[in-house]
Amino acid sequence: MKTTIIATTFAATALASANTAQPDGNLPKLATEYVSPSLLLEISKKEPNKKFAASNTAEVTPGDKCTIFNLDLPAKEAKNKVCNLVFDFPENPTSSLKSIAQKMVGGFGGVADHRRPRSGNGDGKNHPRGSSPLASSLDYLFDGPGNFKFIGYDIGVGAVAGETTYNNPPKSGPSPPSPPPKMLPGNSYVVNSAPCNFPANLTGSVKVSGALCSDDTHLRYDQGYLGACPMGFYVVFTDVK
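Our subject in this report is the structure included herewith. Throughout this document, residue positions are counted from 1 along each chain, in the order its sequence is written. Where totals are concerned, whole chains, interfaces and linings use all residues; where local detail is concerned, this predicted model gives features only for residues with pLDDT of at least 70, and gives and counts side-chain atom pairs only at 80 or more. Excluding hydrogens and water, the side-chain figures rest on all heavy atoms present in the structure.

### Some points on the pairing of strand E5 (residues 57–60)
Where we set the bar: Burial here depends on accessible area, computed with a 1.4 Å probe over protein chains only, as a share of the maximum for the residue type. Under 20% is buried, over 50% is exposed, and the range in between is partly exposed. Helix and strand definitions follow DSSP, with helices as H or I runs of at least four residues and strands as E runs of at least two, each counted in order from the N terminus. Two strands pair if DSSP finds at least two bridges between them.
Burial of E5 is two-sided: the residues Thr57 and Glu59 facing one way and the residues Ala58 and Val60 facing the other way are all buried. Summarising the sheet, E5 and strand E12 (residues 218–222) pair through 4 bridges and their orientation is antiparallel. The residue bridging Thr57 from the neighbouring strand is Asp222, located in E12.

### Section: the sheet that holds strand E6 (residues 65–74)
Heads up, the condition is: The axes are straight lines fitted to the C-alpha atoms, using for helices just the contacting stretch, and the angles between their N-to-C directions are given from 0 to 180°.
The strand order across the open sheet formed by 4 strands is E4-E6-E11-E9, and the pairing between neighbours is antiparallel. Of all strands in the sheet, those bounded by a partner on one side alone are strand E4 (39–44) and strand E9 (149–152). Between one strand axis and the next, the sheet turns by 25 degrees as a mean value, whatever way the strands run.

### Considering unusual backbone geometry
Notably, Asn80 is not glycine yet its phi reads approximately 60 degrees, a positive angle. As for its placement among the helices and strands, Asn80 is situated in the loop between helix H1 (75–78) and strand E7 (81–89). On the basis of relative accessible area, Asn80 is assigned to the exposed category, the value being 63%.

### Concerning the state of the cysteines
As a reminder, the rule being used: When two cysteine sulfur atoms are found within 2.5 Å, that pair is recorded as a disulfide.
Inspection of every chain in the model, using the stated rule, returns 2 disulfides. Two residues share a disulfide in this structure: Cys66 and Cys213, whose sulfurs sit 2.1 Å from each other. Disulfide Cys66 to Cys213: torsion about the S-S bond roughly 120 degrees, handedness right-handed. Taken together, the residues Cys66 in strand E6 and Cys213 in strand E11 (residues 205–213) connect sequence positions 147 residues apart. Assessed through its relative accessible area of 7%, Cys66 is described here as buried.

See the structure below:
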């Protein structure tokens, strides 16, 4: 199946138009209909043997840092579905975001708590599927023309906190065949879309992972929400048509 690439524009804190994976500009209401990353882990070309801690913050720097994302796809929810890898990229937060954050988490102390690194095992328990934290994305930086690289790893493997480095990456696998040529704030992108095709007898989950890199753009953000808009990578399940 040919990869579907869709970009739609954010208006305020919602998408102005629909895409096939997120028709109202938000993630599905049911937590069983999408998956958030279970692990974010940086690697560095300039520090190729450095073992970074697992974190809720992704950072990509020109020619150096990449961030690896692990996603654990549940076989039951994915059965007979299309797996859509999306990257939601809302605009830079405005001053109004701070007031939203204060109301929702009771002040900046609560936001800062979401920015603490996860436990080193990367099991995702602090951020379960379907409950990404509010805009800890007050930590947000975008600088550059928005050219990114998507590096895919083998199915069933992923980054491991305390082990994975630039010189010791996960086993290579298929990358998105036709990723967006450019990603810019204010848009939502379907990076890859294909039938999940899990074995019928599979009852657990399948780990998929990949890295986001760039030669010319600096991006830093916290996986979660900018106001009401999702920020970062997700897999959204849709019906086969």
